[in-house]
Amino acid sequence: MAEQNRTPHTRTASYLAEPGEVHRVLLLYSGGLDTSVMLKWIQDEYEAEVVALTVNLGQPGEDYDVVQGKALQLGAVAAEVVDAREEFANDFVVPAIKANAVYGLGYPLFTALGRPLIAKLAVEYARKHGCDTIAHGCTGKGNDQVRIEATVATLAPELKVIAPVRGWQMGREEEIAYAREHGIPIKGGAEHTPYSIDDNLWGRSSEGRWIEELDHAPDDDVFQLVTRPELAPDEPEIVTVAFERGVPVALNGERLGVVELLERAAEIGCRHGIGIVDHIEDRIVGLKVRDIYEVPAAAIILPAHAELERLVGTIHQNQFKGELDRKWAYLVYAGLWWEPLRSDLDAYMEAVNAQVTGTIGMKLFKGLARVVTRESPNAVYDAALSTFETSGGLFSQQASPGFIELWSLQSRMAHRLRTQDEG
């Protein structure tokens, strides 16, 4: 690769690699255009050996034997494929469910949850293969560079990082030309600029093309996962989700492991057009961007969990936890999975979710998912108290006037004083 495609090197962080420090690189490898070009480019530019690491977080339709073979064909000295679905589901998605984790009112953090796990595995395999450097394919405009590099710097201060896409100044056409020149197969064989896709068990994102035009309504071809709501079945379906201590354990009465439950929920949600999110998002690097998300499993399970949590919690718990949920989601979105505050918050999430056991029924119909039934042995609810048909018992309606007088006392006094001042 000619030197003109690389900007002059300036180390702006202690964990960034100087060219002379790079001898064996662990490359986070997807098999797509960017990382395939990168695999060859690193060998040429740094005269370094490359170990490829591909992590399976439940991306649909991926042939990992093909990905592994392609890495070896392009000169990787080793190509590892890790099935991390169970770890991702149990150690990352489940805590997110307990925290009702959504960023910016729409994004259930599926990519943000996957990146710290991918980077943790990169550290483990870099050490296993004697690598001195980790390489990734993130751009300088996204959040993923923060999530990956912060994890590496936290867990492995001895390792360095390179991010070729930030410096090589190649656009897609230049990458395609480089791939042609070096005999690198282009995934799918097409040179039409596709959407930029990221997906796993918990959701899928699409970026690029018309998505960057705010006045452009979504084109149908962006929805490769969720059925468009207008084409969904004309009959609704009720899905029940059972939780034990905040963990989803059964769907429609059938006990399932978390991975299978997420896959099954996604399949049902996709059929009914559930989980399409057209989202304007504030990135931590300062940009405001538009993303199209398809999150069928999250769009069913998160509302069900939140409803069950409200049912078993007191008014004070429910008001307070929402604040902590938002903080938890922000820390994860911002790439701070290893921040002690996040694990501190987890302790509270676990305490609250100790009571979150029960079953929620969700009605799915043409893109909408809403709660219709609730059941829990821990419900802070008594039909005999709530009914308008009877009086007495633990709740005395005759006590209400005295409560109202005391409850409104300070507000009434303040209102009177301000009214007098205005007069």
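You'll find the structure just up there.
Residues numbered from 1 in each chain as written. Predicted model: local features only at pLDDT ≥ 70, side-chain atom pairs only at ≥ 80, totals over all residues. Heavy atoms only, no water.

One can describe the packing of helix H1 (residues 33-46) onto helix H7 (residues 172-181) by two numbers: an axis separation of 10 Å at closest approach and a directional angle of 60°. Between H1 and H7, the angle is such that the two are oblique. Both H1 and H7 take part in a crossing whose hand is left-handed. Contacts from Leu33, Asp34, Val37, Lys40, Trp41 and Asp44 of H1 reach H7 at Arg172, Glu175, Ile176, Tyr178 and Ala179. Residue composition of the contact of H1 with H7, by class: 6 nonpolar, no polar and 5 charged. (Axes fitted to C-alpha atoms, helices over the stretch in contact; angles between N-to-C directions. Helix = DSSP H or I, 4+ residues; strand = E, 2+ residues; numbered from the N terminus. Parallel < 35°, antiparallel > 145°, perpendicular 65-115°, else oblique. Left-handed = near helix turned anticlockwise from the far one by under 90°. Contact = heavy atoms within 4.5 Å. Nonpolar A, V, L, I, M, F, W, Y, C, P; charged D, E, K, R; others polar.)

So, on to the pattern of salt bridges. Following the criterion strictly, the structure yields 31 salt bridges and no others. Two residues, arginine 228 and aspartate 220, come together in a salt bridge whose shortest N-O distance is 3.0 Å. Residue class for arginine 228 comes out partly exposed when judged on its relative accessible area of 22%. Overall, aspartate 220 belongs to the partly exposed group, its relative accessible area being 42%. (Salt bridge = Lys/Arg side-chain N within 4 Å of Asp/Glu carboxyl O. Buried < 20%, exposed > 50% of the residue type's maximum accessible area, 1.4 Å probe, protein only.)

Our next topic: the packing of aromatic side chains. A full pass over the atoms with the stated rule returns 13 aromatic pairs. Geometrically, the ring pair formed by phenylalanine 92 and tryptophan 337 is stacked, given 4.6 Å between the ring centres and 25° between the ring planes. In this pair, phenylalanine 92 is assigned in helix H3 (residues 85-98) and tryptophan 337 in the loop between helix H10 (315-333) and helix H11 (340-353), connecting sequence segments 245 residues apart. For the pair phenylalanine 92 and tryptophan 337, a shared accessibility class is recorded, and that class is buried. With centroids separated by 6.5 Å and ring planes inclined at 35°, the aromatic side chains of tyrosine 103 and tyrosine 330 adopt a geometry described as tilted. Linking tyrosine 103 in the loop between H3 and helix H4 (110-128) with tyrosine 330 in helix H10, this pair joins segments that are 227 residues apart in sequence. You can call tyrosine 103 buried: its relative accessible area is 14%. (Phe/Tyr/Trp six-rings, centres within 6.5 Å; stacked < 30°, edge-to-face > 60°.)

A separate point is the nonpolar core. Leu26, Leu53, Leu109, Leu113, Trp202 and Trp328 are the most contacted members of the largest nonpolar core, which has 81 residues in total. Here this core gets 11 residues from one element, more than from any other, and that element is H4. In contact with tryptophan 202, other than residues within four places in its own chain, are Phe88, Val93, Ile97, Pro108, Phe110, Leu113, Leu262, Val295, Ala297, Ala298, Ile301 and Leu302. (Core = buried A, V, L, I, M, F, W, Y, C linked by side-chain atoms within 4.5 Å.)

All right, on to H4 then. Here H4 spans 27 Å end to end across 19 residues, near enough to the 27 Å set by a 1.5 Å rise per residue. Buried residues dominate H4, accounting for 16 of its 19 residues. (Expected span 1.5 Å × (residues − 1).)

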